[in-house]
Amino acid sequence: MTAIVTSVVLLLLVVLLAGSLVGIYNKLVTLRNRYKNAFAQIEVQLKRRYDLIPNLVETAKGYLKHERGTLEAVIAARNQAAGSLQNAAKNPGDASAMQGLVGAEGVLSGAMGRLFAVMEAYPDLKANQNMLGLSEELTSTENKVAFARQAFNDSVMGYNTYKQTFPPVVFAGMFGHGVDAALLEFEDAKAIREAPKVSFS
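In this text the structure is predicted, and so the values were computed from the model without any measurement.

### Here we look at the packing of helix H1 (residues 2–61) against helix H3 (residues 95–119)
Between H1 and H3, the least distance of the axes is 13 Å, while the angle of their chain directions is 30°. One way to sum up the angle between H1 and H3 is to call them roughly parallel. Where H1 crosses over H3, the handedness of that crossing is left-handed. Between H1 and H3, the contacting residues are Phe39, Leu46, Arg49, Tyr50, Ile53, Leu56 and Val57 on the first element and Met98, Leu101, Glu105, Leu108, Ser109, Met112, Leu115 and Phe116 on the second.

### Quick look at helix H2 (residues 68–90)
Helix length check: H2, at 23 residues, gives a terminal C-alpha distance of 34 Å against a target of 33 Å (1.5 Å per residue), a fit within 8%. Taken together, the buried positions of H2 are Thr70, Leu71, Val74, Ala77, Arg78, Ala81, Ser84, Leu85 and Ala88. Tucked inside the fold, the buried residues of H2 contact H1 and H3.

### Quick word on the nonpolar core
Counting 49 residues, the largest nonpolar core has Phe39, Phe152 and Leu184 as the members making the most contacts within it. At the level of secondary structure, the elements contributing two or more residues to this core comprise H1, H2, H3 and helix H5 (129–163). For this core, the element with the highest residue contribution is H1, accounting for 14 residues. Discounting residues that sit within four places of it in the chain, Phe152 has contacts with Tyr35, Ala38, Phe39, Ile42, Pro92, Gly93, Met98, Ala182, Leu183 and Leu184.

### Overview of the pattern of salt bridges
Counting across every chain of the model gives eight salt bridges. A salt bridge links Arg49 to Glu142; its shortest N-O distance comes to 2.5 Å. Remark: Glu142 occurs in helix H5 and Arg49 occurs in helix H1; sequence separation between them is 93 residues. With relative accessibility at 1%, the residue Arg49 sits in the buried group. A residue is classified by how much of its surface remains accessible, and Glu142, at 1% relative accessible area, is buried. Here Glu58 ties to Lys61 by a salt bridge, and the two come within 3.5 Å at their closest N and O atoms. Of the two residues, Glu58 and Lys61 are both situated in helix H1; the distance of three residues between them amounts to about one turn of the helix. Its relative accessible area of 42% is what places Lys61 among the partly exposed residues. Connected through salt bridges with shared partners, the residues Arg49, Glu105 and Glu142 form a single ionic network.

Rules used throughout
Throughout, residues of each chain are indexed from 1 in the direction in which the sequence is written. Under the rules for a predicted model, residues below a pLDDT of 70 receive no local features and side-chain atom pairs below 80 are neither given nor counted, while totals for whole chains, interfaces and linings still include all residues. As a rule here, side-chain values come from all non-hydrogen atoms in the structure, and water together with hydrogens is ignored. Throughout, an axis means a line fitted to C-alpha atoms (over the contacting stretch in the case of helices), and angles, computed between N-to-C directions, take values from 0 to 180 degrees. Helix and strand definitions follow DSSP, with helices as H or I runs of at least four residues and strands as E runs of at least two, each counted in order from the N terminus. For classification purposes, an angle smaller than 35 degrees is called roughly parallel, one larger than 145 roughly antiparallel, one from 65 to 115 roughly perpendicular, and anything else oblique. Crossing handedness: left-handed means the near helix sits turned counterclockwise from the far one by under a right angle, and right-handed means the same turn made clockwise. For this analysis, residues touch if any pair of their heavy atoms sits within 4.5 Å. Take the residue count of a helix, subtract one, and multiply by 1.5 Å to get its expected span. Relative accessibility decides the category of a residue: with a 1.4 Å probe and only protein chains considered, values under 20% of the type maximum give buried, values over 50% give exposed, and everything between is partly exposed. Only buried residues count toward a nonpolar core. Its members are Ala, Val, Leu, Ile, Met, Phe, Trp, Tyr and Cys residues joined through side-chain atoms within 4.5 Å. By definition, a salt bridge exists where a carboxyl oxygen of Asp or Glu is found within 4 Å of a side-chain nitrogen of Lys or Arg.

In structure tokens:
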């Protein structure tokens, strides 16, 4: 009789342990998928930003004939940032991919800042309705990038925090969740938002 009770108790413990492991695994997968989805939202907004930049440069070309180097630098930086975004999208949360994106975005923000500084010297360009519309769209997109980045970082933080608590910390590595996901932190938190804030009035 005691052998049967012992067997039942052991069986219940095994079932409870297995259920707990399944729960831990499922929550790790859910949290990882959340931060990947959050990065996909950043990707959408950054692609929109990258699509607006050539239109902005094309509009400025007619006015900035002597500033060809500045325009080419913006397009080169945009292309580099788009490539870095593709790499980061393959593995959101990877520290080296996030650093590559941060670096490329810093270069792009610097190039955009130089473009807007040059454009200040051209009143006709500042008054151009197409330029005003593009600048407004770019500013709106920058705000959306900031909100999407915050949502991504919140998701990554939730994932990393759960992985580091007990008992998930014991099993996370066995389930393929050993490395913490990296936050997307720009060197200058305002770098992406401040570059396009230029008044054309």
